[in-house]
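Inside the fold
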Amino acid sequence: MTTLVTGIAELTTLDPTHPDAEDAMGTIRGAAIVVGDDEQVLWVGRTINSDNGPAADRRVFLDGQAVVPAFVDSHTHLVFAGDRSAEFAARMSGTAYDGGGIASTVAATRAASDDDLRHLLRTRLDEMRAQGTGVVEIKSGYGLDVDNETRLLRLAGEVSDEVTFLGAHVIPPEFRHRRSEYVDLVTGPMLDGARGYATWVDVFCEPHSPHAFDADESRAILEAGRDAGLGIRVHGNQLGPGPGVRLAVELGAASVDHCTHLTAADIETLAGSTTVATLLPGVEFSTRSNYPDARALIDAGVTVALASDCNPGTCYSSSMPFVIALAVREMRLTPDEALRAATAGGAQSLRRSDIGRIVAGSRGGITVLDAPSHLHLSYRAGVPIARRLVLTP
Ligand code: NIG
Ligand code: FE
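Here the residue index of a chain counts from 1 through its sequence in written order. As a convention, the first chain written is A and the first ligand written is 1, with the rest following in written order. Only residues with pLDDT of at least 70 get local features here, since the model is predicted, and only at 80 or more are side-chain atom pairs given and counted; chain-wide, interface and lining totals rely on the full set of residues. Excluding hydrogens and water, the side-chain figures rest on all heavy atoms present in the structure.

**Side note on the site of ligand 1**
Any residue with a heavy atom positioned within 4 Å of a molecule or strand is treated as near that molecule or strand. By nearness alone, 15 residues border ligand 1, and Arg-84, Tyr-97, Tyr-142, Asp-309 and Thr-314 come closest of all. Arg-84 places a polar side-chain atom, nitrogen or oxygen, 2.6 Å from an oxygen atom of ligand 1. Pairing of N or O atoms within 3.5 Å defines a polar contact, subject to two protein rules: one partner must be a possible hydrogen donor and the other a possible acceptor, and residues neighboring in sequence count only if both atoms are side-chain atoms. At 2.7 Å from an oxygen atom of ligand 1 is found a side-chain nitrogen or oxygen belonging to Thr-314. To measure how exposed things are, a 1.4 Å probe is used in the Shrake-Rupley method; for residues, cover is taken only from the protein chains shown. Relative to its unbound accessible surface of 330 Å², ligand 1 loses 100% to contact with the protein.

**Here we look at the sheet that holds strand β1 (residues 3-12)**
At least two bridges found by DSSP between two strands is the condition for calling them paired. Per the convention used, a helix needs a DSSP run of H or I reaching at least four residues, while a strand needs a run of E reaching at least two, with both numbered from the N terminus. With respect to topology, six strands assemble into an open sheet ordered β3-β2-β1-β4-β14-β15, the strand pairing being mixed. Here the strands that pair on one side only, and so sit at the sheet edges, are β3 (41-46) and β15 (386-388). The sheet shows a mean angle of 40 degrees between the axes of neighbouring strands, direction not considered. Axis definition: a line fitted to C-alpha atoms, over the contacting stretch in the case of helices. Angles run 0 to 180 degrees between N-to-C directions.

**What to know about the packing of aromatic side chains**
Note on aromatic pairs: the rings of Phe, Tyr and Trp (six-membered ring only in Trp) are paired at centre separations within 6.5 Å, and the planes decide the class, stacked below 30 degrees, edge-to-face beyond 60, tilted for the rest. Under the defined criterion, the tally for this structure stands at five aromatic pairs. On the basis of an interplanar angle of 65 degrees and a centroid distance of 6.0 Å, the ring pair of Phe-80 and Tyr-142 is categorised as edge-to-face. Note that Phe-80 is positioned in the loop between β5 (71-73) and α1 (85-92) and Tyr-142 in the loop between β7 (138-139) and α4 (146-157), a separation of 62 residues in sequence. Relative accessibility under 20% of the residue-type maximum defines a buried residue, over 50% an exposed one, and the middle range a partly exposed one, all with a 1.4 Å probe and only protein chains included. Take Phe-80: its relative accessible area is 1%, and that puts it in the buried class. Between Phe-285 and Phe-322 the ring centres are 5.1 Å apart and the planes differ by 85 degrees, which places this aromatic pair in the edge-to-face class. Taken together, the positions of Phe-285 in helix α9 (residues 281-286) and Phe-322 in helix α11 (residues 320-331) put the pair 37 residues apart, joining distant regions of the chain. Look at Phe-322 and you get partly exposed, because its relative accessible area is 26%. Site record: aromatic cluster; members linked through ring pairs are Phe-80, Tyr-142 and Tyr-316. Two thresholds decide whether a charge sits over a ring: the Lys NZ or Arg CZ must be within 6 Å of the ring centre and within 35 degrees of the ring normal. The ring of Phe-175 carries the charged tip of Arg-178 above its face, separated from the ring centre by 4.3 Å. Just above the ring of Trp-200 sits the side chain of Arg-233; from NZ or CZ to the centre is 4.5 Å.

Any functional reading would require information that these geometric values do not contain.
Written as structure tokens, this is what we have:
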């Protein structure tokens, strides 16, 4: 089944090499696309009117809306149970975030059945799709024992191909005085359980939290994951300056995420690397923290991605349009830079060339905006203008 989607006022392809592209964003005005099975894009181009364009089994007419690649949410913690709204309320009154609340989500998640977690996960994914998100990376990290981490990875794998083993989220309370034993568990039996489900390994590398992992512990975990064939992602430099960025670049990580507290040397290190800096401004919003210096990163030539970090502690928002609006308003990205970071940037952080753009052969979804241009994503902050184009046979 092929569908000609036409009547597109402004198509952002992120493919500036397309012969009809008008600018570096690969913009085509008066565009159409043909989409095949599995949301694969078959053809992209300008149309003189809504009737020309290649033949297709059926036609969808958009009547002047803008179309962008579906957002790539490259950093989420979607598999969890429990509620931490009271922790959020306390934070708004001045309590600082230190990762200690993760233990309560671990307890609630361990107590939940597979079906409970499936339901919560699917509800959150539906929420994301309804706001224009396509591919979603999902981390474990609320099981923190062998059986529960394996279970969370299995459940994540039912709904996504981008699954990340985060057994090193925090030291669980039962290991508080036995940190090295916990690192041995993560790099041994827990990693063995993760094989076959996860494609990535991640660690909360954060010397400013007593619950998270220091540089040596993080290195041991990331190297074990790499030796087991997993790609590397790092939670780094979130609560204060630290070793996360350096370690990520040294180990060839695909992405280092948060980057809230960077030194000039960190930015230089990132600029000379293939590691993407993934910024999560919903976290600074929900923890009342200062935003990362996104301008310095972009101006230094670092590839930047934007993601939600959707999780119960630091940002319980699943909305990529909200993230884009924050990036524009609070981090001074241009709307073009923010859209690129939320699509192609996320794809690069997952080392995928088949998503995050609209080109012949790409996959990962198409997002329609109830607006004439993508500028409205931040201009109309909080208004639900973005939705995934659903083409059911
Ligand atoms: O990315 N910083 C570590 N992990 C999450 C928060 C998890 C939680 O508080 O439940 C984050 O911010
Ligand atoms: Fe996170």
